Amino acid sequence: MQYYLIGIKGSGMSALACILKDLGHDVSGSDIKEHIFTQDVLEQKEIKMNYFDIDNITNDIDMVIVGNAFTHNNIEFEYVLNNNINYRYYYTFINEFAKKYQAIGIAGTNGKTTTTGIVNALYRDENIISLIGDGTGVGHNNAKRFIFEACEYKETFLNYFPNIGLINNIEMDHPDFFTSIKHVREVYQKYANQCGLLIINGDDENCQIIEHKNKYTYGLKKDNNLVLYNLNNTSEGFSFNLSYNNQQLGTYTLPFVGMHMVYNCLAVIMLGLVNNIDINKIINNIATFKGTRRRFETTVISKKKQIILIDDYAHHPTAINLTLAAIKQKYPNYTISVLFQPHTYSRTIEFLDEFAKELIIADNVFLAEIFSSVRETSSEIDINILKKQINKYGVVVEEDLSFLTKISNNHVIAVLGAGNIDQLYKTKIVEMLED
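These numbers come from a predicted model, not from an experiment. (Residues numbered from 1 in each chain as written. Predicted model: local features only at pLDDT ≥ 70, side-chain atom pairs only at ≥ 80, totals over all residues. Heavy atoms only, no water.)

Draft legend 1. Spatial organisation of the sheet that holds strand 1 (residues 2-6). If you trace the five strands from one edge of the open sheet to the other, you get 3-2-1-4-5, paired in parallel fashion. Sheet topology places strand 3 (48-51) and strand 5 (87-89) at the edges, where each strand pairs with a single neighbour. Adjacent strand axes in the sheet meet at a mean angle of 25° when their direction is disregarded. In the sheet, strand 4 (residues 63-66) pairs with strand 5 via three bridges, with the strands oriented parallel. Within strand 5, the residue paired with Val 66 across the bridge is Tyr 89. (Pairing = 2+ DSSP bridges. Helix = DSSP H or I, 4+ residues; strand = E, 2+ residues; numbered from the N terminus. Axes fitted to C-alpha atoms, helices over the stretch in contact; angles between N-to-C directions.)

Draft legend 2. Structural detail: the nonpolar core. Grouped together as the largest cluster of nonpolar side chains are 78 residues, with contacts concentrated most on Ile 65, Phe 146 and Leu 386. Take this core: its biggest share by element is seven residues, from helix 1 (residues 11-22). Dropping the residues within four chain positions of it, Ile 65 is found in contact with Tyr 3, Tyr 4, Leu 5, Ile 6, Met 13, Leu 16, Leu 20, Arg 88, Tyr 89, Tyr 90 and Phe 93. (Core = buried A, V, L, I, M, F, W, Y, C linked by side-chain atoms within 4.5 Å. Buried < 20%, exposed > 50% of the residue type's maximum accessible area, 1.4 Å probe, protein only. Contact = heavy atoms within 4.5 Å.)

Draft legend 3. Here's a closer look at the sheet that holds strand 16 (residues 297-302). The strand order 16-17-20-18-19 describes an open sheet built from five strands, whose pairing is mixed. Strand pairing shows two members of the sheet lacking a second neighbour, strand 16 and strand 19 (364-367), which therefore form its edges. Taken pair by pair, the neighbouring strands of this sheet meet at an average axis angle of 20°, ignoring direction. Its contacts with the sheet place helix 9 (residues 317-330) against strand 17 (307-312), strand 18 (335-340) and strand 20 (411-416), and it is angled at close to 150° to strand 18.

Draft legend 4. Examining the packing of aromatic side chains more closely. A full pass over the atoms with the stated rule returns 24 aromatic pairs. The interplanar angle of 10° and the centroid separation of 5.5 Å between the aromatic rings of Tyr 89 and Tyr 91 together place this pair among those described as stacked. Among the residues examined, Tyr 89 registers a relative accessible area of 23% and is labelled partly exposed. Ring geometry for Tyr 101 against Phe 146: centres 6.4 Å apart, planes inclined by 55°, an arrangement best described as tilted. Of this pair, Tyr 101 sits in the loop between helix 4 (90-98) and strand 6 (102-107) while Phe 146 sits in strand 9 (residues 145-149), and the two are 45 residues apart along the sequence. One aromatic cluster is present, formed by Tyr 3, Phe 93, Phe 97, Tyr 101, Phe 146, Phe 148 and Tyr 160 through successive ring pairs. Positioned over the ring face of Phe 37 is Arg 294, at 5.8 Å from the centre of the ring. Above the face of the Tyr 313 ring, Arg 295 is positioned so that its terminal group lies 4.0 Å from the ring centre. (Phe/Tyr/Trp six-rings, centres within 6.5 Å; stacked < 30°, edge-to-face > 60°. Lys NZ or Arg CZ within 6 Å of the ring centre and 35° of its normal.)

Draft legend 5. Helix 13 (residues 421-433), seen in detail. A rise of 1.5 Å per residue sets the reference length of helix 13, with its 13 residues, at 18 Å; its end C-alpha atoms lie 18 Å apart and thus fit the reference within 8%. Looking at the packing, one finds that the buried side of helix 13 touches strand 16, strand 17, strand 18, strand 19 and strand 20. (Expected span 1.5 Å × (residues − 1).)

Draft legend 6. View of the pattern of salt bridges. Scanning all chains against the criterion turns up 13 salt bridges. Among the salt bridges present, the one from Asp 22 reaches Lys 45, with a minimum N-O distance of 2.8 Å. Remark: Lys 45 occurs in the loop between helix 2 (39-44) and strand 3 and Asp 22 occurs in helix 1; sequence separation between them is 23 residues. In this structure Asp 22 comes out as partly exposed when scored by relative accessible area, which is 28%. The exposure class of Lys 45 is partly exposed, given its relative accessible area of 25%. For Arg 347, the salt bridge goes to Asp 173, with nearest N and O atoms at 2.8 Å. Highlighted residues: Arg 347 in helix 10 (residues 345-350) and Asp 173 in the loop between strand 10 (164-167) and helix 6 (181-193), separated in sequence by 174 residues. Relative accessible area serves as the criterion here: at 1%, Arg 347 is assigned to the buried category. Through salt bridges that share partners, Arg 294, Asp 311, Asp 422 and Lys 426 make up one connected network. (Salt bridge = Lys/Arg side-chain N within 4 Å of Asp/Glu carboxyl O.)

Draft legend 7. Up close: the packing of helix 11 (residues 352-359) against helix 12 (residues 384-391). Put simply, helix 11 and helix 12 touch, their axes get as near as 9 Å, and they point 60° apart. Of the possible angle classes, the one that applies to helix 11 and helix 12 is oblique. Seen along the crossing, helix 11 lies across helix 12 with a hand that is right-handed. Counted together, Leu 352, Asp 353, Phe 355, Ala 356 and Leu 359 of helix 11 and Ile 385, Leu 386, Gln 389 and Ile 390 of helix 12 form the full contact between these two elements. A breakdown of the residues in the contact of helix 11 with helix 12 according to their chemical character gives seven nonpolar, one polar and one charged. (Parallel < 35°, antiparallel > 145°, perpendicular 65-115°, else oblique. Left-handed = near helix turned anticlockwise from the far one by under 90°. Nonpolar A, V, L, I, M, F, W, Y, C, P; charged D, E, K, R; others polar.)

Draft legend 8. Main features of helix 5 (residues 112-122). By the criterion of burial, helix 5 is predominantly enclosed, with 11 of the 11 residues buried. Every buried residue of helix 5 is accounted for by Lys 112, Thr 113, Thr 114, Thr 115, Thr 116, Gly 117, Ile 118, Val 119, Asn 120, Ala 121 and Leu 122. Of the surrounding secondary structure, the elements contacted by the buried residues of helix 5 are strand 6, strand 7 (129-131), strand 9, strand 10, helix 7 (259-274) and helix 8 (279-286).

Draft legend 9. Examining the environment of Val 262 more closely. Summarising the element assignment, Val 262 is placed in helix 7. In this structure, the C-alpha to C-alpha distance between Val 262 and Leu 5, residues 257 residues apart in sequence, is 36 Å. Look past the residues within four positions of Val 262 in its chain and what remains in contact with it is Leu 220, Leu 228, Leu 231, Asn 233 and Phe 238.

See the structure below:
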């Protein structure tokens, strides 16, 4: 079949395009002109991308797939509607597609992309189909499992009915849609109701409220099905003991840093156990996980001075906290500079003080202008609102990148945000500081 994707650079849409191409279909699509990191993989797979234009919608297209962020105001989608062209919304297509496989849907406010990548590592010995939120996707025609991210924004994941659902954590986010944490919990409960089996973080306060007749919990607390104890963190990873349904499994190590990775791995270990995979194979496969794009993506800029660049998608206060904590674990006694770009005006306002409190953990702070995304077109606020909030804590925000030329040895520069901050500054930083 020939597919055309409107909004093909979106993280889910890019991954879907890769899957369809791997399955042997003809795939093309359109999006905005600005470079987005997801388009790199599309270019690698030689998937044609256009800018929005009705001339792109040709008669040989069998189906148009429309990204969740696009409305009738998009010129191509309006043309599709007016001319009765066969189309599906992204979430509708995913629902239909998932019915052919054992569907594993990964949800949660933070950590979906990384956890999905770790699930891929768990099933590394199988041919699978996977859709990861960093824009990458893999397809095999003889696959039995479909592993995908299930996003809560605008209740999108309520279109899915996975055989197995994972929920990492539940927090308030997307304030342009959700009105309160109570609203968020209600929507997650609906998603849980649609999962055949539920794997959920038993330590998370909001996850504890979620009910399900076939629920498996994991965490550090003793009342979970899967319990991790004797946790020991080092700069190289963590060691731990496991107990499953009150039976001790053994002592293990994994080469990852940060408490968020402890919980991400626990979720996937739980998944492996409910699928009757040997625990040693589970641990060995998870250990092969090499990371996903823009999630703690690490570059050594200067070996001589030990200047490290970490690029991360963190755009929620909790994600910033966890990322900085992981940096401190991985690089103890290093100084840290953070370059942060808030994602959407509504999130900036909702978490204004939380952002300020997390960012001042770093030694230096630089702020890029707010990235509005296609969800928001204008606002009366700008980055100065966050600068002023940070100033209230006695911290001065850097005005430009010249401060980086003064940094000393053993320094980590963290580029954080879900917008285009990586495109704006990574190359400049490397050119300024590399050996």
